[in-house]
Amino acid sequence: MIPVNVIFLYSLIIFCIGLWGALSRRNVFIVLMGIELMLNAVNIAFVGFASSLGNIAGQIIPIFVITVAAGEAAVGLAIVVAIFRNRLSINIDSFNILKW
Amino acid sequence: MSNFLAGIQFPDITAIIPEVIALIIGCLILLIDPFIPKQKKRLNGYIALFGFVVLFFVTLSYLGKSIVTFFDMFSVDNFSTSMKLFFFVANFVVVLISLRYLEMEDSNLGEYYALLMFATVGMMVMVSSKDLIMFYIGLETMAIPLYVLAGFIRMNERSAESALKYLLMGVFVSGIFLYGIALTYGATGSTKLVDIVRFTYINGVNPILFVAIILIACGLGLEIAMVPFHFWAPDVYEGAPTSVTAFISVVPKVAAIAALLRVYFEGFTFFAPYWQTVLWLLSALTMIIGNVTAVVQDNVKRMLAYSSVAHAGYMLMGILSFNELGVSSLVYYFFAYSFMNIGAFALVIYLRRKNIVGDRLEDFRGLAQKDPIAALVMVVFLLSLAGVPPTVGFVGKFLIFSAALKAGFYWLLVIAVVTSVISLYYYFKIARSMYLEEPVADEPLLQPLSVKIAIFLLAILTVVFGVYPTPIMNLADLSAKVFFGY
Amino acid sequence: MIEYAWLIPVFPLVGMTINGIFGIKYIKDKAHWVAVPALGLSWLFSILVFIDVLNGKTALIELFDWIITPDINVKVAFWIDQLTAVMLMVVTTLSFWIHVYSIGYMGHDPGYPRYFTYLNMFVFFMLILVLGSSYLLLFVGWEGVGLCSYLLIGYWYERESAWKAGMKAFITNRVGDYGFILGMFTLWYYLGTLNFNEVFAKAHTLSPEIVTIATLLLFAGATGKSAQIPLYVWLPDAMEGPTPVSALIHAATMVTAGVYMVARSNVLYSMAPLSLEVVAIIGCLTAFFAATIGTSQFDLKRVLAYSTVSQLGYMFFGCGVGAYASGIFHLMTHAFFKGLLFLSSGSVMHAMSDVLDMRLMGSLKKYMPITSFTFIIGGLALAGIPPFAGFWSKDEILHHAFTSGHITLWFLGTLTAGITAYYTFRAVFMTFFGRGRIPKVIKEHLHESPPVMTIPLIVLSIGAIFAGFVGLKKGETTYFGEFLAPVIHVVHHANEGHAKAIPESMLIALSVAVGLTGIFIAYIVHMKKLIDPNEWVKRLWFLHRVFYRKYWVDELYFALFIDRTLDLAFFSWKFDQWIIDGVVNGAAWISRAFAWITRYCTEPFIVDGAVNGASYVVDLSARVLRRVQTGLVSNYMLFVVAGTVCLLTVFMFIRLF
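Nothing here was measured: the structure is a model prediction, and the numbers come from that model.

A. Highlighting the overall build of chain B. Looking only at helices and strands, chain B features 21 helices and two strands. In terms of overall dimensions, chain B has C-alpha extents of about 75 × 55 × 40 Å along its principal axes. Split into buried and exposed, the 486 residues of chain B put 67% on the buried side. Taking as baseline every contact in chain B between residues at least 6 positions apart, the subset at least 24 positions apart corresponds to 80%.

Quick look at the structure:
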């Protein structure tokens, strides 16, 4: 039995790695991946808490989260495709017509 | 088998009938859209209009009812019902201003209205839920269609860019929001608001929950567009199709504020002094930064974006007052804000014509001579946004300020009052442009009928409910009783 | 009749609606057929209501609920008592005759229906202001008239100076209004109500400090609306509007709203001696300073504008020494004679093709006998020469100032009366008498104004002659004072001794003498030219410069506030850019640090590893370094994270300590 603190710390680390990825990468896909990593960190936290609390709800929540994340990814990819047609680029830095 | 089911209390399906109807209408539009010839795509819009009318009356019958079902996760009460009524009123007008606009943008597709419906379902779930995960699901059900709507004019690079920015910000922040929920779950063992309240009542405050409160404010703060989570708003508002901007500047913002209100009031009741302080700071920053930054904008959509950031600050005052007057003034303010803000954006749509988006300050130049009535109506909206009597904006601001004062937030009141002075300046920039400058000779105005109807309706509502606010006030008082009616 | 008083504001509202909707397309140059009869009806009803009030009736007419919550209860209701009745008479009489005058004055203006729409709208809001039964409703009117004033000042929007003046008026007024709002909230917070009768009934429960704060805040609103120090700067510029507008809004009605508000709140002010003192001092100083500026202006309307500021100062001065009835009395007489002066100057302007510089006038009496006659009557009333209206009211204020023990202020007030007489008759002599200095082009079609303009002038001059007689003595008080007595909470001053020491007749004689002296000086300087004004200007160049440049207040305000506001806006706009730069540099620094760690932690691998591995890591480091330029969305995300972290830090900190 892994102590809940360890699981929590683990999820926190994963979350921060995802955060770092989302903040620092310039390729839209990698940014999206970073965000997915954040969401998965949350899932880990939920499952960890659930097992330590002996509460089934926390194990079901990740299923919702994964579903929503899938929806977001689908829409995200579609939007990236749309913007790629306009700009011929998926570099996040090149999307700055709208500013100040 | 019967033994197994015996222990489970079957949920009360009647509670979600409006949501189901909205879903069905959305799917219906998607289904029949392929069979509608390209010239008659407006039919989709009419279905949506009709749908919102039906939903309005169906939901109206829920007024006064109080149902908590789905294992304490879903609640129908006067607050959620009046919020749903608000969504239908606002969405009705949004559809009205979209009808002709989409044709002008050459993207009159049925999906638009279907997505609007699905987003509405998400918001309805949001205001009704009493469970953090339900909030999350509602938020995402609302947000995903919004990303698509923001990029609805696919071939327009500004629209696509705003969609991408909105999506990235939205998804990113939803991760933070979820982490807040996870922390709450870890600390209290449940995501239900009732359980959280019970847990904190029995076990006292838990430091982890202090973090969770801020993370949740951050997650919902994105849709509310409060500082420092507002950075996406001006970009997205500017790039998105104007009708969508009118929508996302009002309805999701209101839904998120309503959700935040419920989470804080019902879930973190015992943390009130703490989140009041957090929101105090955020509200002050939001009012200051929103109003001050708007001053130098010369794109009207962008200016209105900053103005809507500022209005979010005023609305936060309603939450942090944490009293009955606060809630009722907030509900009133929602209606007031929707009339005037959608109205102002409708005017931008009204100016949309060949090669002209209608969102630059120059596009408003000399409108008083080209179309005096439209200019007058715009002035009504601007006055209302600035909070000049006798408009809804004034009554709303007055109520919210009173609520904050009643809760003892003097300095916040002073900040709010002072920033309102600033707001007047930039609103009047538009008025000045319309009245005091000569019109530029360019494409004639199209004056589409549906937009005309919408702006007149909104202008009349803006004035009438400013002079006679009782109907909305009654609804607002009913909503406030949900939290404070002992 | 009094129960139909709610109809009074309805007529202009209807007029405004009809002209507003149909004016530009259908009614066009017949707009006055809607606007003027509407005002006529209002006037008629006001007279009937006034007669009822004279017979001792008062009423509270509740129309409908406005803002009703458990904590706030404000109805749309009209409160009609003696004070309201007086204001109603002033507002509707002046409005009606100025509407009539406008038919002639604005006759050839392309925006004719628009003008009457605004004018009716103004009257509507002004009536709401005086009829409203609560501070909130008063505020509705207060803001409404401000808006109309803005619209009408900027009426000729083609002129840049006009819309700039409009903006200046609106923004200056808003500054004061926020004082008013905060004052209103203070009252609501401590009393839980904003209705006049409840506020005044409960007022004694307030502590003196709170009353002082609330009344001072309310007075801040009044300084904006009624053009007092320090917010008077907008009124002279407001003369950019059409002259009837200056007469109605910027002399007779709107600008007196502050005086009305103070008199209405007399219960509160009487409880706060400090506030009263402030009101008196500000009023008296404004009267004095504005009068001195008035002596050096050459623009006829500007002279009158500064004179208005000065006279408003007198009204506040009157209220401040506790003589609210005298303040209102002066408000009434001033409405007549200043309205008259403005309309007469409008008539001059009309004839002179919009020339307003007095240096280009003179000998106009020959050409415009009626106008010059009415102007002189107005001038005599303003100068305080008996038996004209201004004499009675001004004298009453000075008398009260004296008896209440404000000897210094009384002296300053009397001195101001002399200066007033001087600049008024300077204007009279320069405009209507002496050698004609009129340019030839204008002289050719110089003419008296049509009857539609001169009849209002004659009517108002009757008012300017006779309105003062209601202030005749009746025992201890005056007829007017007795009429207002039910609404005025009288302050009894301790040191009534001065009144005994110097009999009232002496004071009257003194102020008349001062007034006559002022006129005499104006006569010898500007009529007989016994003293060359230019030489005196040279000798007193410094004073003249100070007065002419209006104490440089405009320049000061511009430097202090307007510039700073723009700076702030500019700053916050730049803020985004600076922050982004800062973040970019910060990110660069972090990335470099990260690269440094990467390199030194991974160096053993490079040394030991294959060429592929090495290139990979170098590539990685390069990419890490390239991250210096993060994209904008990433920046936004970074803000979200930074914001959240800041919040967490700040609030954990608060929590821990």
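B. Here's a closer look at the overall build of chain C. Counting secondary structure elements, chain C contains 29 helices and four strands. Put simply, chain C has 657 residues, and 55% of those count as buried. Of the contacts made within chain C by residues no fewer than 6 positions apart, 81% connect residues no fewer than 24 positions apart.

C. Here's a closer look at the interface of chain C and chain B. Across the boundary between the two partners, chain C contributes 44 residues, which contact 49 residues of chain B. Those elements that place two or more of their residues in the side of chain C that touches chain B are strand E1 (59-68), helix H5 (135-153), helix H6 (160-191), helix H27 (553-608) and helix H29 (632-656) of chain C. For the side of chain C that touches chain B, the per-class residue count stands at 33 nonpolar, six polar and five charged.

D. Representation of the pairing of E1 of chain C in the model. All names here are of chain C. Both E1 and strand E2 (residues 73-80) contribute to a ladder of eight bridges, which runs antiparallel. Paired with Ile67 across the bridge in E2 is Val74. Counting the residues in the hairpin turn of E1 and E2 gives four residues.

E. How the structure looks around unusual backbone geometry. Residues and elements named next belong to chain B. The peptide bond linking Val227 to Pro228 adopts the cis configuration, its omega dihedral lying at 5°. When you line up the elements, Pro228 lands in the loop between helix H9 (207-224) and helix H10 (232-239). Pro389 connects to Pro390 through a cis peptide bond whose omega is 0°. Along the chain, Pro390 falls in the loop between helix H17 (372-386) and helix H18 (392-406). In this structure, Phe71 is a non-glycine residue whose phi angle is positive, near 55°. With respect to the element layout, Phe71 can be found in the loop between strand E1 (67-69) and strand E2 (74-76).

F. Fine view of the nonpolar core. In terms of nonpolar packing, the biggest core is built from 461 residues, with Tyr147, Leu260 and Ala346 of chain B together with Phe122 of chain C touching the most fellow members. Once residues lying within four places of it in the same chain are set aside, the contact partners of Tyr147 of chain B are Val75 and Ile79 of chain A together with Ala163, Tyr166, Leu167 and Gly170 of chain B.

G. Focus on the confidence of the model for chain C. Residue and element names in this part refer to chain C. Scored by pLDDT, chain C comes out at a mean of 79, with 82% of its residues at no less than 70. Predicted confidence in chain C is weakest over helix H28 (residues 611-626), with a mean pLDDT of 39, and strongest over helix H11 (residues 257-264), with 92. Counted against residues more than four places away or in other chains, residues 563-581, with its pLDDT under 50, gives 15 contacts. Across residues 594-631 the pLDDT falls below 50, and counting only partners more than four positions away or on other chains, this stretch makes 35 contacts in the model.

H. Region of interest: helix H3 (residues 82-105) of chain C. Over its 24 residues, H3 of chain C runs 34 Å from end to end, which matches the ideal 34 Å to within 8%, given 1.5 Å per residue. With respect to burial, H3 of chain C is a largely interior element, 23 of its 24 residues being buried.

I. Layout of the packing of helix H14 (residues 300-321) of chain B against helix H15 (residues 324-350) of chain B. All names here are of chain B. At a closest axis distance of 9 Å, the pairing of H14 and H15 adopts a crossing angle of 175°. As summarised for this structure, H14 and H15 are arranged roughly antiparallel, according to the angle between their axes. Counting all contacts with H14, which are made through Val300, Lys301, Leu304, Ser308, His311, Met315, Gly318, Ile319 and Ser321, the residues of H15 involved are Leu325, Gly326, Val327, Ser329, Leu330, Tyr333, Tyr337, Asn341, Ala344, Phe345 and Val348. Considering only residue class, the contact of H14 with H15 consists of twelve nonpolar, seven polar and one charged.

So, how was this worked out
- Each chain carries its own residue numbering, running from 1 in the direction its sequence is written.
- Chain labels run from A onward and ligand labels from 1 onward, assigned in the order the entries are written.
- Local features are withheld for residues below a pLDDT of 70 in this predicted model, meaning they are given only at 70 or higher, and side-chain atom pairs are given and counted only at 80 or more; totals for whole chains, interfaces and linings count all residues.
- A run of H or I in DSSP becomes a helix once it reaches four residues, and a run of E becomes a strand once it reaches two; helices and strands are each numbered from the N terminus.
- Counts of 20 or more other C-beta atoms within 10 Å of a residue's own C-beta define buried residues, counts of 12 or fewer define exposed ones, and intermediate counts define partly exposed ones; C-beta atoms are placed from the backbone.
- Once C-beta atoms are placed from the backbone, any two residues with those atoms within 7 Å are in contact.
- Basically, the charged four are Asp, Glu, Lys and Arg, the nonpolar ten are Ala, Val, Leu, Ile, Met, Phe, Trp, Tyr, Cys and Pro, and anything else, Gly included, counts as polar.
- Strand pairing requires that DSSP identify at least two bridges connecting the strands.
- Any set of buried Ala, Val, Leu, Ile, Met, Phe, Trp, Tyr and Cys residues joined through C-beta atoms within 7 Å is what this text calls a nonpolar core.
- Every residue carries a pLDDT, the predictor's confidence in it, which falls somewhere between 0 and 100.
- What a helix should span is 1.5 Å times the count of its residues minus one.
- Each axis is a line fitted through C-alpha atoms, and for a helix only the stretch in contact is used; angles between axes span 0 to 180 degrees, taken between their N-to-C directions.
- We call two directions roughly parallel when the angle between them is under 35 degrees, roughly antiparallel when it is over 145, roughly perpendicular when it lies between 65 and 115, and oblique otherwise.

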